[in-house]
Amino acid sequence: EQPNAEKSSKMGCMDIGQKHSLAYVLHTSGTTGTPKIVRVPHKCIVPNIQSIFEITQDDKLFLASPLTFDPSVVEMFIALSSGASLLIVPSAIKMMPMELSAALFHHHRVTVLQSTPTLLRRFGAHIIKSTVLSANTSLRILALGGEAFPVLNLVKSWKHKDNKTSIFNLYGITEVSSWATCYRIPEEVFSADFRDFPVPLGSPLLGTAVEVRDSSGSAVLEGEGQIFIGGEERVCFLDDEITIPLGTMRETGDFVRVQDAKMIFLGRKDNQIKRHGKRFNTEYLQQTVEDLCQVEACAVTWYQQEKLILFVVPKDDFKERETLKELQKHLPTHAIPDDLVLIKALPLTSHGKVNVSELNKIYQSHLNCRRRDSKLRGAEELWERLQYLWKSVLDLLDDSTEISKDSVFLYSGGDSLKALRFYEEIEILVGRAVPALLEVILSSSFEEIYKHILKTLAPSEDQIMNFDNAVKRKIGEYDGEQFSGKYIKLESERRFEFAPEIVQFIALSRGNRLFPMNSSNSFTQPSDAAQVGMEARQQPSSLHLLSPGVRKNQEQENEIEKSRSSAVTSKAGKRDSCAVEPSSAGCSPGAAAGLALGMRWKSDTGRCVDASPLLVVPLADEASASVYVGSHSHTVQAIDLDSGEVKWERNLGDRIESSACVSVCGNFIVVGCYAGLVHVLRRGSGRIHWTFATGDAVKSSAVPDPSSGLVYVGSHDQHVYGLDIYKKACIWKTHCEGGAVFSSPCLSFFPYHLYVATLGGLLLAINPATGNKTWKSSLGKPLFSSPHCNEKYVYVGCVDGNLYCLTHSGEKVWQFSTNGPVFSSPCISSLTKQEVFFGSHDCFIYCCNMEGNLLWKFEATSSVYGTPFVFQSDDLKNKILLAAVSTDGKVWILNAKSGTAEGADKLPGEIFSSPVVWGTKLVVGCRNDYVYCLDLYTTGRKAELRS
């Protein structure tokens, strides 16, 4: 074989048959990958022995690693090559922290300790502080490797201020013989005022090559990627390999972030999980928990790839609820553990690493104990256990009040993740699967959840009656009204019936594509109206709806524009004539061009208002107009447009960024939320009519279809839905291929298309009747802008800085380029005939014609995120005006024809909402938690009011 080995060497390969090639052979455990046989050449292990630490004959090393773990080779040969002593203790002593610390630091005065972080933590914080890293410790070098380095703040808490131990972070893989990189923690970081930072992996050892590559194999100089390790002589033979090319690089399965030429460890590929639609590394949770002062040690497992379990070795002052609350402050919702289990010590493998298999066994035993303890002894106990679980999941255990039978989970502080936890706890409680339970939790009352579980436990009617009677007395003791202060009592609405008459009204939302309709009109060629006017299911009364998403014919729209202008004067003007002088909206009104803005009212929603307002204006004289808007406080408010009085407020359980729309019959408001739910509310009272669950957050605003009554809405689950809110059913669901749907769909009647834009850069045309895709066009970059259309074209903004124009068959006609991402949706109005208005992050508001030529642009004082709004009023000299906002809180009123400023004002907060104008009233949301209504005046009109 020797001639073949020499031949391989000349060809640039290492051959296992070369004389004196191998130093040792071992098996990897498989704890961080597939088990392998690793044959290690002498030259491969030498850099570990020669180049890490400066060891002398006066040093004493502890053989911490078993002989099956390759760091033991390093420990032994460092001692042998330097003349240092090597301390070997019985395995039983290693399992006893007190005895081990006495042996190492009192009896034998060990100077060099190489260990996994988990093995070090077995000593406990007290022993580490008082002995291992004390001021007078014998320990000169502490080298931690084999696992992620602990959070630096934790290490700082262990180390006495006068301690002189040098601490190292080691990184490597068995397949390239133990350590590959080394980083010495600088002494200055242990000073009290030094800011915490992620500990890097350090520099490659002698003769070692380290590369970071992305998924395509390209080198990563800045950003995230996987580590590859090798070198000319740092190569081992794996399994059946006989020859290996010199310089072979081994894939590690470990991911890092390269930042300023330093590698920051992110975690193993095996520890990356996808939970609630988000991908993250379980080591991120572990490091966050380690940073909490009441935790001695911890570990995380992804139990059966379904549940995220946190195991904690607690300190004396540990309190579970306080710990979970603290985690909620520092972690995203998808990283919050499903369960927390307290243990006395972390189980270890023979190599000193956390034994994940043993942890899973501990959790299985934990579940079995809970199931035994939770065995139900009757329906009354089920009711009481559900009460406890409800309060536990919603963090209401301090409240001794009984949960009302009418309480709804989402309106009592719940969200989709808490609902999932409640669902899992119930199934553990009853010891079996409960079909359709999650949907019931999300949409039904406490009593209905209870009855749904009973149907599973006692399927026959007689059994249900017996169970039900057993708790009727307990339920009957409580009057729902006594809970009104803490829980929202909802009246059950079993079916929807149309009212015998529908009040005529006009609805407006962002982008003001307007159009009217009365009972005698039919749908003909569409224009730029957004939300439709229609006869609701052939009712005799007429509707006018104006908001994003639908277009009607030009002649009809021109009529509504005129009637709108005059209706405002005659209806709203009566109240304005006796109004008090408006106060400032937060800054001096702009009067440079004869228009002034003053605050009419503001309404506190409790959190940022990023959603755009919906205005519904009944045409009957006795009825007042209303503003509907949601916020990050989880609530939707209905506000009187004239007075600012809140008519009703409804908590929907999670943040609301979706703008509301009104149903074609006028009886319902439809709005989505971050919990992945689409809520259908009674317009007059805010009561829940129906809740539909999608698979992820709903930031898209819904659009109604006057021809069918369906409502269309997109979700971050990458689907768009066609919903029948009257039958409470999903008629169709279409996967959009190109990522989440953030923006609002746009409905066209000729052709009958629903246009949907995705964050994957796709614009799709969907058949609204069936949900089938008609065509799709890739624009390459994410589309946050909502598409809008007229008779000829479809328009949409893109983060690549372009406004795109396409035909109704999907061909690109032109693109207009700006110098910043376009999040603003295009605004089209028949008032300006052939113009398209939109904003850009380059701080400009643009006006283009239908051929893509620039007509004018106006420079704002900050980025323009919201959609402009075109309007006209007799009280404002009948000029055609454009309302726009910039993110710094500035509200701009521009001349729509010339782009010159007519007036401006500044609100005391950022604005990501879009303005809506009715007559001389402008409504917009603000990030200072308020929704504002501003009155618009000509300077002469304001002077009249003053006099």
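Our subject in this report is the structure included herewith.

Quick notes on the rules
Residues numbered from 1 in each chain as written. Predicted model: local features only at pLDDT ≥ 70, side-chain atom pairs only at ≥ 80, totals over all residues. Heavy atoms only, no water. Salt bridge = Lys/Arg side-chain N within 4 Å of Asp/Glu carboxyl O. Helix = DSSP H or I, 4+ residues; strand = E, 2+ residues; numbered from the N terminus. Pairing = 2+ DSSP bridges. Core = buried A, V, L, I, M, F, W, Y, C linked by side-chain atoms within 4.5 Å. Buried < 20%, exposed > 50% of the residue type's maximum accessible area, 1.4 Å probe, protein only. Contact = heavy atoms within 4.5 Å. Axes fitted to C-alpha atoms, helices over the stretch in contact; angles between N-to-C directions. Phe/Tyr/Trp six-rings, centres within 6.5 Å; stacked < 30°, edge-to-face > 60°. Lys NZ or Arg CZ within 6 Å of the ring centre and 35° of its normal.

1. Looking at the pattern of salt bridges
In this structure the tally under the stated criterion is 17 salt bridges. Measuring nitrogen to oxygen at the nearest pair gives 3.1 Å for the salt bridge that ties Arg 385 to Glu 381. With Arg 385 and Glu 381 both in helix H12 (residues 379-393), this residue pair falls 4 residues apart, about one helical turn. Close ionic contact of Arg 927 with Asp 610 constitutes a salt bridge, the shortest N to O distance being 2.7 Å. On the criterion of sequence distance, the pair formed by Arg 927 in the loop between strand S54 (921-925) and strand S55 (930-938) and Asp 610 in the loop between strand S24 (595-604) and strand S25 (614-618) is long-range, its members being 317 residues apart. When salt bridges that share partners are traced, they join Asp 610, Glu 910 and Arg 927 into one network.

2. What about the sheet that holds strand S41 (residues 788-789)?
Ordered in space as S41-S42-S43-S44, the 4 strands form an open sheet in which the pairing is antiparallel. On the outer flanks of this sheet lie S41 and strand S44 (812-817), each paired with one strand and no other. Where S41 lies against strand S42 (residues 793-797), 2 bridges are found, and the strand directions are antiparallel. Counterpart to Cys 789 in the pairing with S42 is Val 794.

3. Notes on the nonpolar core
Of all hydrophobic cores here, the largest spans 47 residues; its most connected members are Phe 422, Ile 426 and Ile 449. Of the residues forming this core, the biggest block, 7 residues, is contributed by H12. Sequence-distant contacts of Ile 426, that is, excluding residues within four places in its chain, are made with Leu 386, Leu 389, Leu 437, Ile 441, Ile 449 and Ile 453. Leu 615, Ile 893, Leu 922 and Cys 926 belong to the second-largest nonpolar core, a separate cluster that totals 37 residues.

4. Looking at the sheet that holds strand S50 (residues 880-885)
Pairing is antiparallel across the open sheet formed by 4 strands, whose spatial order is S49-S50-S51-S52. The open sheet is flanked by strand S49 (869-872) and strand S52 (901-906), the only strands paired with a single partner. Here the strands of the sheet are splayed against their neighbours by 20 degrees on average, with no regard to which way each runs. Note that S49 and S50 share 4 bridges and pair antiparallel. Residue pairing for S50: Phe 871 is matched across the bridge by Leu 881.

5. A few points about the packing of aromatic side chains
Applying the stated criterion across every chain, the model contains 29 aromatic pairs. Ring plane angle 45 degrees and centroid distance 6.0 Å describe the contact between Tyr 628 and Trp 648, whose orientation is recorded as tilted. Of the two residues, Tyr 628 is situated in strand S26 (residues 626-630) and Trp 648 in strand S28 (residues 646-651); the sequence distance between them amounts to 20 residues. Judged on exposure class, the residue Tyr 628 and its partner Trp 648 are both buried. The interplanar angle of 65 degrees and the centroid separation of 5.1 Å between the aromatic rings of Phe 858 and Trp 892 together place this pair among those described as edge-to-face. You can see Phe 858 sitting in strand S48 (residues 854-859) and its partner Trp 892 sitting in strand S51 (residues 890-895), a full 34 residues away along the chain. Among the aromatic residues, those joined into a ring-pair cluster are Trp 383, Trp 390, Phe 409, Phe 422, Phe 446 and Tyr 450. The ring of Phe 190 carries the charged tip of Lys 159 above its face, separated from the ring centre by 4.8 Å. Seen from the ring of Phe 912, Arg 927 lies directly overhead, with NZ or CZ sitting 4.2 Å from the centre.

Worth remembering: the numbers are spatial, not functional.
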